[in-house]
Structure formats: C-alpha cells, structure tokens
Amino acid sequence: MKQSVTVVKDDNVKFGTTAKAVAAKLLPKMPKWNVQTFLRKVLIPLASILLFIGLWHVGAKALFNIEADYKIEKALTDQGQAAADEMAACIASGDVSCQPNTLPSPAQVWTSFNTLIADHKTISADKAEFKAKTAALNEKREAEGKAPITYTGRPSFVDQIFTSLKTVFAGFLLALVIAVPVGIIIGLSPTLRNSFNWLIQIFKPVSPVVWLLLVFMIVKTMTKDSDSDSAFIISFISVGLCAMWATLVNTAMGVSTVDKDYINVAKVLKLGAIQKVFKVILPSSLPLIFTGLRITLSVAWMVLIAIELLAQSPGLGSFVWEEFQNGANDSNSKIIVAMFVIGIIGFLLDRIMLTIQNMVSFNKNATA
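Quantities reported herein were computed from a predicted structural model and do not represent experimental measurements.

Procedures and definitions
- Residues numbered from 1 in each chain as written.
- Predicted model: local features only at pLDDT ≥ 70, side-chain atom pairs only at ≥ 80, totals over all residues.
- Heavy atoms only, no water.
- Helix = DSSP H or I, 4+ residues; strand = E, 2+ residues; numbered from the N terminus.
- Buried < 20%, exposed > 50% of the residue type's maximum accessible area, 1.4 Å probe, protein only.
- Contact = heavy atoms within 4.5 Å.
- Disulfide = S-S within 2.5 Å.
- Axes fitted to C-alpha atoms, helices over the stretch in contact; angles between N-to-C directions.
- Parallel < 35°, antiparallel > 145°, perpendicular 65-115°, else oblique.
- Nonpolar A, V, L, I, M, F, W, Y, C, P; charged D, E, K, R; others polar.
- Salt bridge = Lys/Arg side-chain N within 4 Å of Asp/Glu carboxyl O.
- Patch = residues over 30% accessible without salt bridge, like charges linked within 9 Å, V, L, I, M, F, W, Y side chains within 5 Å.
- Areas by Shrake-Rupley, 256 points an atom, 1.4 Å probe, with all protein chains shown as cover.
- Phe/Tyr/Trp six-rings, centres within 6.5 Å; stacked < 30°, edge-to-face > 60°.
- Lys NZ or Arg CZ within 6 Å of the ring centre and 35° of its normal.
- pLDDT = per-residue confidence, 0-100.

This next bit is on the environment of Lys334. Here Lys334 lies in helix α13 (residues 331–360). You can call Lys334 buried: its relative accessible area is 14%. For the pair Lys334 and Thr115, spaced 219 residues apart in sequence, the C-alpha to C-alpha distance is 9.1 Å. Among all residues touching Lys334, those that are not within four sequence positions of it are Ser112, Leu116, Phe319 and Glu323.

This part takes up the state of the cysteines. In total, this model carries 1 disulfide according to the counting rule given. Here Cys90 pairs with Cys98 through a disulfide, and the sulfurs are 1.9 Å apart. Disulfide Cys90 to Cys98: torsion about the S-S bond roughly -105 degrees, handedness left-handed. Overall, the relative accessible area of 6% leaves Cys98 in the buried class.

So, on to the packing of helix α5 (residues 157–188) against helix α6 (residues 190–203). Following both chains from N to C, one finds α5 and α6 inclined at 130 degrees, their axes separated by 6 Å at the closest point. Compared by their axis directions, α5 and α6 come out oblique. Residues Ile185, Ile186, Gly187 and Leu188 of α5 form the contact with α6, whose participating residues are Pro190, Leu192, Arg193, Phe196 and Ile200. Split by residue class, the contact of α5 with α6 holds 7 nonpolar, 1 polar and 1 charged.

Moving on, we get to the pattern of salt bridges. Under the criterion given, the structure shown has 8 salt bridges. Between Glu129 and Lys133 there is a salt bridge, and its shortest N-O distance comes to 3.3 Å. Here Lys133 and Glu129 lie together in helix α4 (residues 106–143), a separation of 4 residues that amounts to about one turn. What makes Lys133 exposed here is its relative accessible area of 62%. Arg351 serves as the salt-bridge partner of Asp350, at 2.9 Å between the closest nitrogen and oxygen.

Quick look at the environment of Val96 now. One can find Val96 in the loop between α3 (81–93) and α4. Along the chain, Val96 and Asp330 lie 234 residues apart, while their C-alpha atoms are 9.1 Å from each other.

Turning our attention to a nonpolar patch on the surface. Residues Val35, Phe38, Leu39, Val42, Leu43, Ile44, Leu46 and Leu50 make up a contiguous nonpolar surface patch of roughly 710 Å² in combined accessible area. Looking at the element boundaries, Leu46 is found in helix α2 (residues 35–79).

Our focus in this paragraph is the packing of aromatic side chains. Think of a pair of aromatic rings as described by two things: how far the centres are apart, and how the planes are tilted against each other in angle. Taken as a whole and assessed by the stated rule, the structure comprises 10 aromatic pairs. When the ring of Phe157 is compared with that of Phe319, the centres are 4.7 Å apart and the planes differ by 55 degrees; the resulting orientation is tilted. Here Phe319 lies in helix α12 (residues 316–326) and Phe157 lies in helix α5, a separation of 162 residues in the sequence. Of the residues examined, Phe319 reaches a relative accessible area of 5% and is grouped as buried. Where Phe203 meets Trp245, the ring centres are 6.4 Å apart and the plane angle is 15 degrees; that geometry is what we call stacked. Here the residue Phe203 occupies a position in helix α6, and Trp245 occupies one in helix α9 (residues 245–256), the gap between them amounting to 42 residues. The ring centre of Phe232 lies 4.9 Å from the NZ or CZ of Lys166, which sits over that ring.

For the rest of this paragraph, the subject is α12. Residues of α12 that are buried: Leu316, Gly317, Ser318, Phe319 and Glu323. Packing partners of the buried residues in α12 comprise α4, α5, α11 (273–311) and α13. Two residues or fewer after α12 comes Gly327, characterised by a positive phi angle close to 70 degrees.

With respect to the helices, strands and loops of the structure, Ser318 is situated in helix α12. Not counting residues up to four positions away in its chain, the partners in contact with Ser318 are Glu308, Leu309 and Ser313.

This part is about the confidence of the model for the protein chain. Put simply, the protein chain has an average pLDDT of 83, and 89% of its residues get 70 or more. Put simply, helix α1 (residues 11–26) is where the protein chain has its lowest mean pLDDT, 50, and α5 is where it has its highest, 92. Contacts for the low-pLDDT stretch residues 1–9, under 50 throughout, to residues beyond four places or in other chains number 0 contacts. Low confidence marks residues 12–16, where pLDDT is under 50. Its contacts with residues over four positions away, or in another chain, come to 0 contacts.

Okay, here's the thing in structure tokens:
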C-alpha cells in the first residue's frame, strides 16, 4: 500500500527567507568581531600604548639615575664625602630642591596635568569673584561711556589652549579667504598660473619666523594709535600667510585639472562664468581643495607655537617658553603635558577636516 506524501507550502517560511535575503542585500554588512579583529583593533593598540609608557618610564628612570650620579659625584669632587652623602640622602628623600632636572616620568607628567587643571579651577574662581565684585562698578562705567574694568591676572593653561585655538582658526580663515579665490583664478588661466608660479615657489618655503617679522613691521605701524590686541593680530596673520600655500597650490591644481567633459557640458547648458565656477568647477575640485585645507590647518597648528612664542601672544607657545625659562622642578613635566595637548588637538583638527571633506564631497569614498 502506497503512502501519499503531502507537501505543504508554508508562505510564512517563504516570506521569512525572502525578507532575510532582501535585508542582507540592503543593509550594510556589520563587521564580525572575531578574535583576530579584537586583537587587531583593541588589544594591539592598547599594548602599544602600554609599551610606550613602559619604555618612557624606563628611559626617564635611567636618565634620572645618570643625573643623580652626576650631582653626587660633583658634590664629592667639589665639597668632599660629607657633601656627597648629604646630596645622596636629599635625592633619596624626594626633596624638590635637589632632584635631578631631566626627562620626567609618566607619573610626574600626570601629576603636573592634575596640577594645571586645579590651577585652572582656582583662576576661574578668581575671575568669577572679580566679575561679581566689579559688576555694579562696570555697569556705572558703561553708562558713563567708559571702558569696563577687566581681569588682568595670569591666564590658566586651559585659557592658553583656547587662545591658541582662536589664533589658529583666525589664521586658517585668513588662509582660506586668500588661497581659495586666488587658486581658482590662477587655476582657470594657464597664463596667470605661469605668471605667478615664481611667486608661489619663492614664498612657499619661507620660515614662519620671517613671516612674523614681516607682519610685525606692517601691523605695528597700522595699529600704532589703536587699542587693539596687536599680539593676536600679528600671530593670526603670520599663521595664515605661512600656512596658506598648500591650499593655494591644491586649489589651482584642482581647478586646472577638471574633466573637460564637465566643461563641455557647462558650455552646452550655456552656464555663465560664475555658474560654471560654482556648479561645475568647485564641486569637481573639492577633493583637492580639502586636501590642501587639511595640510594648511596642520601647518597652521604646527607653526603657531613658534609664532606665539615670538609674538608674546598668551597661548601654548608662550606657556611652553615660560615653563622652559622658569626652570622649576615641575617645568619639564608641564612642557610634556603641553606637548601631548598640542599633538592631540592637532589630530582632532585633522579628523574634523576629514569629516567635513567626506560630508561635502561628491566622492563618497571615505578619505583616510
């Protein structure tokens, strides 16, 4: 006797299978976090950080011992055994008056960082107290048309960071305003590009110190009878002039290498000169323009420290120079803190520019 087999078609199963297939095609593939991925993206970077800190600690300790032995030997040579024993005991006790002044350890740098943050909180409290005390008097002075009384105490480390950021962004905007329009103009004309190429090639490698001196000659004359902050003006103009060349060159190159098919389409559509620039040339040139802007921002942040140092602008450059001249026991640690802050801010600025580039560029392939 034959048994009949009934095949039941389950529409729900069919629909579920189809939905999974469609979802697999439409949704982006999520990375599979297996052991290798975890090692590559988490453990190995963490191990490299720990290795760096470990090597730093060992190197700082070795330099500390070398400097300590030198101080003890010098005391022995100059003053005798008793002075050498006293110096060794002083170094072992941790007394700041006799500690070797050399490369600080990671622990010392962390302590200095916390000291700078605590100092910022203290100065912020002093500013708030000063503002509260002078609020009524300043209202009266403003009503009489007089300038308000402002806080003239020393800036904190955090205040100096914000001063440097303000200076670098002002210099970056100046570079943007000068370099992009000029780059577009000379990029559109081979004659102009050849005519001004010598100027770009001569001024592009000029040192930021020279730019600072040139700007100083001009600004000190222009602001002789002005109450404006001449140190800030000198700093941001010097930063902008020193850093704008990468954007100018990349903009000119991007405009001059626009695909001829795009230009022909603009002619067919009978676009005007301005429409052609904004609708065809600029969108096509954005990748190279933003590459130049990223380089400009990086260069601006790098040269800022030297320019602030020479222009006596109250930013990170001034902070580093003052700590170097101070020569206190924790000055080296504070300089290392400033070094890490400068590097981290520079990295974040580059990431911000990269994010903006990927947002506005028609080429959606993420740039590294």
